[in-house]
Amino acid sequence: MNVLVVGSGGREHALVWALQRSASVAGVHAAPGNAGIAHTATCHALDPNDPRAVAALARELAVDLVVPAADRQLVNGVADAVRAEGIPAFGPGADGARLEGSKAWMKDVARDAGIPTARHASFGPGEEDAALAFLESMPGLYVVKTDGLAEGKGVFVTEDLAAARDTVRSYLAGDAFGDAGRTLVIEEGMTGPELSLLAVCNGDPYGARPLTPAQDFKRIGDGDTGLNTGGMGAYSPVPIAEGRVDELMGTFVTPTLEHLAGLGIDYRGVLYAGLMFTPDGPKLVEYNVRFGDPEAQVVLPRLETDAGELLMAAARGDDLPELEFSDRACVTVVMATEGYPVSPYRTGDVIEGLAAVEATSDAQVFHAGTAAGTRGELVTAGGRVLAVTAFGSTIDGARRGAYGAVELVTWPGVQYRRDIAADPT
């Protein structure tokens, strides 16, 4: 089969990489892709968030499968437009993608499906007084989230009530995230280790299959300090999930898919449950409707089942194959540009050292925010620039391999966390 992967980040590069290693896949296209993806796949310039443009390109290329890989594409209805052309799409329609497009609606789904989650309430324009009153009823760890998409940056967690009040006012006024924050969710803060549980779904609530779990690192700084990002690294397997995946599927994924089916939503693609292991047991932090980034960069490399067959079966609504994963551990470290995650951040710096990684290391570099410079050199073109992934017989071995490769790559102002997978839970 021939596949079109839609998007331009590290998750998309990992998908292209996995599909190109699948016996069922003859060729992979990407739109728009990035400088790293362009080394091995044909890239096509287009707006990935434009459903009509994506559907037209899929028809023109006569591909057999389309993989819309990012949240905004799915919320905008890219999968719907592709299916309207008679082409299978791996991803939910706009109705199912609302799970990520609206955190308030996602919380309603969790409540109605009986999913354990934090105490919460949603507020919109004109409800500042009610929002502040609810905030002040929280016990002391305050969580404020944009209702809409904010590239992983719309979550504010603090123990400072005054800072939380200011955040509520800023969101509702549209000062921080525009319309995405004018409706917000306030949650009771939870504590404990987190887990990313991704399940491949084929439209049958009882036919979903879990991928190997991962744990990611959201904050920009070591020790989980600083602002939230789209993810600064990840590792897999996760010791805390050992022997518990079936239980977690039964508590979170299956009831959610049952509820969506009851609403008439045919959910196909990935359902990503972000969980926290609190003192009161596992609880839902959020749902995403696509592969996580950087989780994809540790989960997909461990997948030994043919990725093309798996994604096509889900897209068609067929029974999914049994999933097999490598026994080896995998760690990825994200290298970001100076200033990230506060925009505008610095871009256009020349990246050096990638040839040394390719020549001397077993690491795989997934490109996220890269572009070709005016003289053909590789330059930074985004906040998160590269995800450097390595295998090892243990998590510590994979970690040492990833950081060994990271130390070979540089550009002015490069930043990365130094504690990814340092203390696996």
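The text that follows walks through the structure, step by step, so that each part is easy to find. Keep in mind it's a predicted model, so treat the numbers as computed, not measured. (Residues numbered from 1 in each chain as written. Predicted model: local features only at pLDDT ≥ 70, side-chain atom pairs only at ≥ 80, totals over all residues. Heavy atoms only, no water.)

What the five strands build is an open sheet, ordered E11-E14-E17-E21-E18; its pairing is antiparallel. Strand pairing shows two members of the sheet lacking a second neighbour, strand E11 (215–216) and strand E18 (364–367), which therefore form its edges. Here helix H13 (residues 395–406) sits on the sheet in contact with strand E14 (233–236), strand E17 (329–336) and strand E21 (384–392), set at roughly 30 degrees to E17. (Pairing = 2+ DSSP bridges. Helix = DSSP H or I, 4+ residues; strand = E, 2+ residues; numbered from the N terminus. Contact = heavy atoms within 4.5 Å. Axes fitted to C-alpha atoms, helices over the stretch in contact; angles between N-to-C directions.)

Bringing the nonpolar core into the picture now. Residues Val66, Leu99, Leu284, Tyr287, Val331 and Leu386 are the most contacted members of the largest nonpolar core, which totals 74 residues. For this core, the leading source of residues is helix H9 (residues 245–262), giving seven residues. Leaving out residues up to four positions away in the same chain, Leu99 has contacts with Trp105, Met106, Val109, Thr256, Leu260, Tyr267, Leu271, Tyr287 and Val289. (Core = buried A, V, L, I, M, F, W, Y, C linked by side-chain atoms within 4.5 Å. Buried < 20%, exposed > 50% of the residue type's maximum accessible area, 1.4 Å probe, protein only.)

It is worth spelling out the environment of Gly203 at this point. Secondary-structure assignment places Gly203 in the loop between strand E9 (194–202) and strand E10 (209–210). With residues up to four places along the chain from it excluded, the contact list for Gly203 reads Asp266, Tyr267 and Arg268.

Here the residue pair Tyr340 and Pro341 is connected by a cis peptide bond, since its omega of 10 degrees sits within 30 degrees of zero. The residue Pro341 is located in the loop between E17 and helix H12 (354–360) in this model. Of note, the amide linkage connecting Ser343 to Pro344 takes the cis form, showing an omega dihedral of 0 degrees. Secondary-structure assignment places Pro344 in the loop between E17 and H12. One non-glycine residue, Ala62, lies in the positive phi region at around 55 degrees.

So yeah, pure geometry; function would need other evidence.
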